[in-house]
Structure formats: structure tokens, C-alpha cells
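The lines below spell out each chain.
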Amino acid sequence: MRWAELLILGTVASYQLAALPFAALLHRLCTPRRCSPAARYVSLLAGGCLLATVSTGGYAALLFIPAAASVLLLLLASPARVHSWAFGLQMSWQTLCHLGLRSQVPDPQDTRPAVVLSAIMLLTQKVTSVALDVHEGTVTLAPGQGVLQRALPLCSYLLSFPALLGGPLCSFRRFQAQVEFPLASRRRLGAAGRRCLCALALQALRAALEGPLAAVQGRAGLGSVLSVWAQALLFRLAYYSQWLLDEALVEAAGLGPEAGQGDVAGSDLWALESTNRVAVFARTWNRSTSRWLRRLVFQRCPARPLLATFAFSAWWHGLQPGQLFGFLCWALMVEADYRLHAFLRARAACCAARLLCYGATWLFTQLIVSYVLVAVETESFCELRRLWASPISVLPLAYSLALLLL
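All figures in this text were calculated on a predicted structure; none of them were measured in a lab.

1. Overview of a nonpolar patch on the surface
Link 1 in the chain: On the surface, Phe343, Leu401, Leu404, Leu405 and Leu406 cluster together into a nonpolar patch covering about 530 Å² of accessible area.
Link 2 in the chain: For the nonpolar patch, the leading source of residues is helix H17 (residues 394-405), giving three residues.
Link 3 in the chain: With respect to the helices and strands, the residue Leu401 is situated in helix H17.

2. Thoughts on the domain arrangement of the protein
Link 1 in the chain: When its domains are assigned, the protein resolves into domain 1 (3-183) and domain 2 (268-405).
Link 2 in the chain: Averaged C-alpha coordinates put domain 1 and domain 2 at centres separated by 30 Å.
Link 3 in the chain: Taken together, the contact pairs 18 residues of domain 1 with 14 residues of domain 2.
Link 4 in the chain: Scanning the region where domain 1 abuts domain 2 turns up two salt bridges.

3. Quick look at the nonpolar core
One broad trend across soluble globular proteins is that nonpolar side chains are buried collectively.
Link 1 in the chain: Counting 118 residues, the largest nonpolar core has Leu63 and Trp330 as its most contacted members.
Link 2 in the chain: Top contributing element to this core by residue count: helix H9 (residues 225-252), with 16 residues.
Link 3 in the chain: The two domains that each donate at least three residues to this core are domain 1 (3-183) and domain 2 (268-405).
Link 4 in the chain: Contacts of Trp330, omitting those with residues within four sequence positions, involve Val278, Phe281, Ala282, Trp285, Phe310 and Val372.

4. Description of the pattern of salt bridges
Link 1 in the chain: Across all of its chains, the model carries nine salt bridges by this definition.
Link 2 in the chain: Two residues, Arg236 and Glu273, come together in a salt bridge whose shortest N-O distance is 3.0 Å. Residue Arg236 is located in helix H9, and its partner Glu273 is located in helix H10 (residues 266-274); the two are separated by 37 residues in the primary sequence.
Link 3 in the chain: Because the salt bridges share partners, they merge into one network encompassing Asp133, Glu136 and Arg295.

5. Digging into the side chain of Asp337
Link 1 in the chain: As for its position among the elements, Asp337 is in helix H14 (residues 321-345).
Link 2 in the chain: Discounting chain neighbours no more than four positions away, the residues touching Asp337 are Asn276, Arg277, Val278, Ala279 and Tyr399.

6. Considering helix H6 (residues 147-159)
Link 1 in the chain: For H6, which comprises 13 residues, the first-to-last C-alpha distance of 18 Å matches the rise-based estimate of 18 Å (1.5 Å per residue) to within 8%.
Link 2 in the chain: Buried within H6 are the following residues: Arg150, Ala151, Leu152, Pro153, Leu154, Ser156, Tyr157, Leu158 and Leu159.
Link 3 in the chain: Here the buried face of H6 lies against helix H2 (37-56), helix H3 (61-76), helix H5 (112-136) and helix H7 (172-180).

7. Regarding the environment of Phe312
Link 1 in the chain: Mapping Phe312 onto the fold places it in helix H13 (residues 305-317).
Link 2 in the chain: When its relative accessible area of 7% is taken as the criterion, Phe312 is described as buried.
Link 3 in the chain: The sequence separation of Phe312 and Val297 amounts to 15 residues, and the corresponding C-alpha distance is 7.7 Å.

Definitions and limits used
Residues numbered from 1 in each chain as written. Predicted model: local features only at pLDDT ≥ 70, side-chain atom pairs only at ≥ 80, totals over all residues. Heavy atoms only, no water. Patch = residues over 30% accessible without salt bridge, like charges linked within 9 Å, V, L, I, M, F, W, Y side chains within 5 Å. Areas by Shrake-Rupley, 256 points an atom, 1.4 Å probe, with all protein chains shown as cover. Salt bridge = Lys/Arg side-chain N within 4 Å of Asp/Glu carboxyl O. Helix = DSSP H or I, 4+ residues; strand = E, 2+ residues; numbered from the N terminus. Domains from an automatic or database assignment. Contact = heavy atoms within 4.5 Å. Core = buried A, V, L, I, M, F, W, Y, C linked by side-chain atoms within 4.5 Å. Buried < 20%, exposed > 50% of the residue type's maximum accessible area, 1.4 Å probe, protein only. Expected span 1.5 Å × (residues − 1).

Quick look at the structure:
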């Protein structure tokens, strides 16, 4: 089990908290009356380069090289081929970085390789997103301007410090509009403060539950249903708090996607924990990444788009054994979920039957999501075999059987 993931999330959170006052200060100072759009682009880019160097040290070169190459490609390639070239270049580089960094002897206390891998994954999102915009004609990179004038917004978009280590995916067009026509608003700072408080509350809840859940794991055994659910709950709380903190940072800087288009909100937390649909959980979990995967793979794949989307997600995450197994299992569970709920809706006639179906499917969804999350966070075949041999594996097998029968 990758408990080091919690250490990495904590490290990223500390850097995000340190960058928060600088983001708020930049948003207050960089008003149209005080500085030009070029100065705002340079400020965001310089902050990103500084944050990458401080957080990853010499590994920052692994981030700067593909960013520079992607900017050159976006400026020089034809719109008809720019997406294919950008996708191939970025995913090849990211895969090489995953294989190279994970082949080294890991130091449990050195989080720099994992942090730079996370930044490269976010860079892939931004590069492929703007390449698709150029390919589809929704973005033109101002061919009448000079090379520097065209490259500066792209460099700033790819390496801006509020979204360098985390944060919801924002389109290039919205980023440009927010930088060139910033809105100085106290409402943004208030929203950022509320998200910070929610993130800290979730972190405190996770810290309070860690001891009791560890005791539950000790009594029930590592392979039990309660143990898997407890591990997944700790990971979910860590991810929720991290996403809220990421959104607080981009909100404080005056950047980010439109309202309701981010990674997580209060309503999303309720939807994730109360839904009785595996498919709804998949769409709501890390929402901006889900929309990116839908646009990049699902809508462009002619055959079996659901399976292709989850398979690409495993590739994007790093192709570890647990990731391959977890994401492919998730794809099967989503497909089975569609058919199972259609079957149950046709037969649950009375209110009591519908309530019973809701309660049972909610419990099944919680356990299946826990199983998938623990599988994705598992790195070795030995741990994966232990998870496969645990009693909770009966539920995914039952859903797979339902998929075959229905």
C-alpha cells in the first residue's frame, strides 16, 4: 500500500499553503491600472519556475524540457497535426519519466521525484487541452504577433505557479481572459478562504480518524472488508482536502475554471459519499480530470470508449500493476453499474423496494470504490494478490457476473 502517497500529498499541500499569500498578493497588485498583461504573464511564469525549483530541485529540468518543447510545437506545427504531435510527445516523455524515476532505489523521505511526476502529469493535461483547442479552431495563437509575444502566454499557462503542483484544469482561453482582464474582487479571496478552512477541517478529520481506523484494521486484519474500507476512507479524505486547497490557490490568484467546473465542491463531496451509482462516482471524482479524459479519449474513440478511457487513465497515472488492475476493474464496474441499475429500476415497484435497493447499492458502491482505490494505490504484485484474495473481492466478482448475465 502506497502510504507514501499521503506524505507526498502533505508535501504538496505545504507548498500550496506557502504559495497562497503570494497568489493573493499578486491578484491584488496585478490590476489593469498597475501593470500590463505581459507583466502578469511574467509574474506567473517566474513564480512557477521558482516553485518548481524549490519543490523538486534538479528534477525541475524534467518539467521545463517538455514545457519548452510543447510551446515550440504549438507555435510551429500545423493546426491539423498539432494535437497528434503534442499528445505523442508529452505522453512519451511522461512515460519515460515514470519508468526512469520509479526504477531508482526509492528514498521514503525524498518526495521530489513524485512531486515532479505529478507536475508532469498536470502539464500533459494542459498541453493536450490547448493542442485540442488549436486543432479544433477554438484557439488561434495570434500569427500576426512576434514569437515572444505568442510564446509568453503559453509558457505562463503551462508553468503558472497556482496550477503547477495541483489545481483544476483551466482552458487556455479562460486563462488568457483572466490574466489580460483581471477582476479584483474580494469575493474570490473569500471563496479561497472558505476552501482553505474546509481543507483544514478535512485534514483534521483524517488525523482524528487515523488512530481509530488503524485499530479497526488491526482487529479485523489487513485483508478484511473493514480494513480496505478504512484505508480507502483515509485516502479519500486526503484527496478531498488537497483538491480544495488547490482550488483555493487558483481562486486566490484570480485564475481557474468557471464556477462548478473545478475538481471538487461542497456539493461534490456530498454526491461522492451519498451516491449509489459507481458511474456517478467516476464522473464526479476529480471532476476536471474526468472531463479532460472524456474530451481527449471517450469522445474521440470509435470503439469501446469506456474501456479505452480507463485504460488511458492507467497509462497516464503510470502503468503500475495496481493501476492497471484498478482502472480496468473500475471500467467493468461502471459498465455493470449501468446494466444493474436498469435491471433494478424495472423491478422495484414500491417505495420500500426502492429504498432497499438504494441502501444496498449505496453500500456496494462504497465497497467497490474502496476496493478500486486501494488497488490503484497498490504498487507490488504481492500486495495486489493479497487484495485479490481478500473477502471484499467477492463484490467486484459479483458485479462482473451481473455484467455477463445482464
